[in-house]
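Okay, here's what each chain looks like letter by letter:
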Amino acid sequence: GENVEQHPSTLSVQEGDSAVIKCTYSDSASNYFPWYKQELGKRPQLIIDIRSNVGEKKDQRIAVTLNKTAKHFSLHITETQPEDSAVYFCAASKEGYQKVTFGTGTKLQVIP
Amino acid sequence: KAGVTQTPRYLIKTRGQQVTLSCSPISGHRSVSWYQQTPGQGLQFLFEYFSETQRNKGNFPGRFSGRQFSNSRSEMNVSTLELGDSALYLCASSLLAGGADTQYFGPGTRLTVL
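Residues numbered from 1 in each chain as written. Chains lettered and ligands numbered in written order. Predicted model: local features only at pLDDT ≥ 70, side-chain atom pairs only at ≥ 80, totals over all residues. Heavy atoms only, no water.

Asker: I tried to follow the overall build of chain B on my own but got confused; where do I start?
Answerer: Summing up its helical and strand segments, chain B has 0 helices and 11 strands in all. Counted from the first residue to the last, chain B has its helices and strands arranged as β-β-β-β-β-β-β-β-β-β-β. On C-alpha atoms alone, chain B measures out to a radius of gyration of 13 Å, which is about the 13 Å that the 2.2 N^0.38 rule sets for 114 residues. Seen along its three principal axes, the alpha-carbon backbone of chain B occupies a region of about 35 × 30 × 25 Å. Taken over 114 residues, chain B has a buried fraction of 53%. Contacts in chain B between residues at least 24 apart in sequence constitute 55% of all its contacts with a sequence separation of at least 6. For chain B, the exposed surface amounts to about 5,200 Å²; the carbon and sulfur share of it is 48%. Charge-centre separation for chain B: the mean point of 11 positive side chains lies 4 Å from the mean point of 6 negative side chains. (Helix = DSSP H or I, 4+ residues; strand = E, 2+ residues; numbered from the N terminus. Rg over C-alpha atoms; globule rule 2.2 N^0.38 Å. Buried < 20%, exposed > 50% of the residue type's maximum accessible area, 1.4 Å probe, protein only. Contact = heavy atoms within 4.5 Å. Areas by Shrake-Rupley, 256 points an atom, 1.4 Å probe, with all protein chains shown as cover. Lys, Arg positive; Asp, Glu negative; His and termini not counted. Charge placed at Lys NZ, Arg CZ, Asp CG, Glu CD.)

Asker: Looking at this model, I keep getting lost on the sheet that holds strand β3 (residues 19–24) of chain B. Mind explaining?
Answerer: Sheet strands pair via backbone hydrogen bonds, and the direction of the pair is either parallel or antiparallel. Residues and elements named next belong to chain B. Spatial ordering of the open sheet is given by β1-β3-β8-β7, a layout of 4 strands whose pairing is antiparallel. Looking at strand neighbours, the two that pair on one side only are β1 (5–7) and β7 (64–68), the edges of this open sheet. Taking each pair of neighbouring strands and ignoring which way they run, the sheet shows an average axis angle of 20 degrees. Of the strand pairs in this sheet, β3 and strand β8 (residues 74–78) are connected by 5 bridges, and their pairing is antiparallel. Bridge pairing in β8 places Cys23 opposite Ser74. (Pairing = 2+ DSSP bridges. Axes fitted to C-alpha atoms, helices over the stretch in contact; angles between N-to-C directions.)

Asker: Explain the environment of Ser94 of chain B here, please?
Answerer: Residue and element names in this part refer to chain B. Structurally, Ser94 is set in strand β9 (residues 87–94). Overall, Ser94 belongs to the buried group, its relative accessible area being 4%. Separated by 44 residues in the primary sequence, Ser94 and Phe50 have C-alpha atoms spaced 9.5 Å apart. Ignoring sequence-local partners within four residues, the contact set of Ser94 consists of His29, Arg30, Ser31, Asp101, Thr102 and Gln103. A polar contact of 2.9 Å, which involves the side chain of Ser94, links it to the backbone oxygen of Leu96. (Polar contact = N/O pair within 3.5 Å; in protein donor to acceptor, adjacent residues only side chain to side chain.)

Asker: Looking at this structure, how should I read the pattern of salt bridges?
Answerer: If charged atoms from side chains of opposite charge come close, those side chains can pair. In this structure the tally under the stated criterion is 8 salt bridges over all chains. Where Asp49 of chain A meets Lys57 of chain A, a salt bridge forms, and the shortest distance between an N and an O atom there is 2.9 Å. Judged by its relative accessible area of 12%, Asp49 of chain A is buried. Glu82 of chain B is the partner of Arg63 of chain B in a salt bridge, and the nearest nitrogen-oxygen pair spans 3.6 Å. Separated by 19 residues along the polypeptide, Arg63 of chain B in the loop between β6 (53–57) and β7 and Glu82 of chain B in the loop between β8 and β9 bring together distant segments of the chain. Look at the salt bridges and you will find they share partners, linking Arg63, Glu82 and Asp85 of chain B into a network. (Salt bridge = Lys/Arg side-chain N within 4 Å of Asp/Glu carboxyl O.)

Asker: I'm lost on the interface of chain A and chain B in this one. Help?
Answerer: Interfaces are often sized by the amount of accessible area the parts lose when they come together. Contacts between chain A and chain B engage 20 residues on the former and 21 residues on the latter. At the boundary of chain A and chain B, one finds 4 residue pairs in polar contact (both at pLDDT 80 or more). Broken down by secondary-structure element, the contributors of at least two residues to the side of chain A that touches chain B are β4 (32–38) and β5 (45–51) of chain A. Per-class residue counts for the side of chain A that touches chain B are 8 nonpolar, 6 polar and 6 charged. (Nonpolar A, V, L, I, M, F, W, Y, C, P; charged D, E, K, R; others polar.)

Asker: How should the packing of aromatic side chains be read in this particular structure?
Answerer: Ring pairs (aromatic) are described by centroid distance and by the angle formed between their planes. Overall, the coordinates contain 13 aromatic pairs over all chains when judged by the stated rule. Both rings, one in Trp35 of chain A and one in Phe73 of chain A, keep their centres 5.6 Å apart while their planes meet at 70 degrees; by these two values the pair is edge-to-face. Of the two residues, Trp35 of chain A sits in strand β4 while Phe73 of chain A sits in strand β8 (residues 72–77), which places them 38 residues apart along the sequence. Residue Phe73 of chain A is classed as buried on the basis of its relative accessible area, which comes to 0%. Here a set of aromatic residues connected by ring pairs shows up, and it is made of Tyr36, Phe89 and Phe102 of chain A together with Tyr35, Phe45 and Phe105 of chain B. (Phe/Tyr/Trp six-rings, centres within 6.5 Å; stacked < 30°, edge-to-face > 60°.)

Asker: Help me out: how do you make sense of the nonpolar core in this one?
Answerer: The biggest cluster of nonpolar side chains holds 23 residues, and the ones touching the most others in it are Trp35, Phe73, Leu75 and Leu108 of chain A. Among the elements of the structure, β2 (10–14), β3 (19–25), β4, β5, β7 (62–67), β8, β9 (86–92) and β11 (106–111) of chain A are those that each provide at least two residues to this core. Formed by 21 residues, the second largest nonpolar core is a distinct cluster that contains Phe64, Val78, Ala87 and Tyr89 of chain B. (Core = buried A, V, L, I, M, F, W, Y, C linked by side-chain atoms within 4.5 Å.)

Laid out in structure tokens, this is it:
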């Protein structure tokens, strides 16, 4: 089955700096890659997603890149703010297979 | 539109007991997935239901089971509880089945097994 590895497990950045979280997946048939943000004590929420027919997607300060050949995708957060502090999960799935495989999460701390 | 709801929010059980958790999806969503969340392990997929049918199952023992009703509400049951079952159980609903649609999570049920 699919295996998703996520790095780093923890990340501390100064406010205003950029943060990058990387994930690799094992199943070359996976074609949907969402990222979820989970603030302390709250439920995970989708922040951005990308499908395999796209190499990059941006939404304001957040961007995701996908390298299908290398089977890895990354989350980029620019101009980080304290409210970006949370646990971020990457995930991979393939349409029609009903199962979403999550990475183990990255705890991002933005230091004011 | 109301979000995904889960009941109860907290549960304390002892080893050997069984427990039933409930999840009500967003109105119109027919897919409900269940996850176990533990520190360091992320979100482990339990199973997904779509239109009352289990479409996929994760690598959990048979003590974990579920079902979905005609109104799309779903229940998850864990029998013969073990200490290692202590976790946050999250359900998520989506409009489409198939794993390639946005999932909306509930607040979770915190299960503690003593």
